[in-house]
Amino acid sequence: MSGKPRLTYFNGRGRMEPVRWLLAAAGVEFEEVFLETSEQYEKLIKDGVLMFQQVPLVEIDGMKMVQTRAILSYIAGKYNLYGKDWKERALIDMYVEGITDLMQMILMFPFSPPEEKGKNLDSIKDKATTRYFPVFEKVLKQHGQDFLVGNKFSWADIQLIEAILAVEEKIPAVLSGFPQLQAFKIRVSNVPTIKKFLQPGSPRKPPPDQHYVETVLKVFRRLMR
């Protein structure tokens with residue numbers, strides 16, 4: 001194995017995508033192993049690699065890390081994207097947790113039954129525009145700085161730009177009432193490492209399609225029997 005982090009997950013966004021974003025933002029190259037069969041997943045469990053029998057799995061610095069939040073916290077701290085003191089870290093944690101709640105809705109959307117997709121899309125739009133985006137619009141307006149915490153690029157900014165772009169894919173005009181977030185999106189999208197990650201051919205994954213949904217269900221189906 002090379003010195004690069006190795007990510008084991010499906011060939012799609014899911015719970016690994018924020019990890020890809022964070023590593024890319026830090027300028028860290030990584031390798032990926034894609035789960036395509038239940039046998040692959042069962043072997044990881046049998047070998048004791050997955051502490052709680054769950055992916056994502058990230059192998060980094062001699063560790064086999066599981067649990068998305070733990071993985072992200074470690075990467076953010078290691079690459080100086082986690083604030084300068086405990087107060088800034090607490091703010092970053094609060095913002096990240098809020099964005100994660102919104103992203104959970106996005107994550108589960110492809111698995112919605114067809115008859116519920118319209119209702120679920122309305123719910124995403126409502127929560128984004130009335131609960132989550134107004135918070136960040138207010139923060140940016142009040143402190144007048146380029147980034148969410150300490151006027152320094154952090155994990156919170158990375159998580160927010162990921163969420164903005166993910167919601168815009170489903171609701172293109174979602175930022176129409178949020179001028180601060182519109183400017184933030186342009187600003188962060190031009191951070192060199194983020195700009196590179198947004199280019200075609202990067203490790204960023206496309207929106208989940210039916211093949212991705214079917215692969216996830218196929219891998220997990222045997223384990224859920």
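Residues numbered from 1 in each chain as written. Predicted model: local features only at pLDDT ≥ 70, side-chain atom pairs only at ≥ 80, totals over all residues. Heavy atoms only, no water.

Asks: Give me the lowdown on the overall build of the protein, citing residues and values where you can.
Replies: Tallying secondary structure elements over the protein gives nine helices and four strands in all. Going from the N terminus to the C terminus, the protein shows its helices and strands as β-α-β-α-β-β-α-α-α-α-α-α-α. Against the globule reference of 17 Å for 225 residues, the protein gives a C-alpha radius of gyration of 18 Å, in line with a compact fold. Seen through its principal axes, the protein has C-alpha atoms that stretch 50 × 45 × 30 Å. (Helix = DSSP H or I, 4+ residues; strand = E, 2+ residues; numbered from the N terminus. Rg over C-alpha atoms; globule rule 2.2 N^0.38 Å.)

Asks: Outline the nonpolar core, supporting the account with residue identities and numerical values.
Replies: One finds Val-19, Phe-133, Leu-148, Phe-153, Leu-160 and Leu-181 to be the most contacted residues of the largest nonpolar core, which totals 72 residues. Top element by residues in this core is helix 6 (residues 155–170). It accounts for ten residues. (Core = buried A, V, L, I, M, F, W, Y, C linked by side-chain atoms within 4.5 Å. Buried < 20%, exposed > 50% of the residue type's maximum accessible area, 1.4 Å probe, protein only.)

Asks: Talk me through helix 7 (residues 179–189); I want residue IDs and the actual numbers.
Replies: Along helix 7, the residues that are buried comprise Leu-181, Phe-184, Val-188 and Ser-189. In an axial view of helix 7, the angular spread of the buried residues amounts to 115 degrees, which keeps them on one side of the axis. In this structure, helix 7 carries Pro-179 and Ile-186 as exposed residues pointing more than 90 degrees from its buried face. Against the buried residues of helix 7 lie helix 5 (117–143), helix 6 and helix 8 (192–197). (Arc of directions from axis to C-beta. Contact = heavy atoms within 4.5 Å.)

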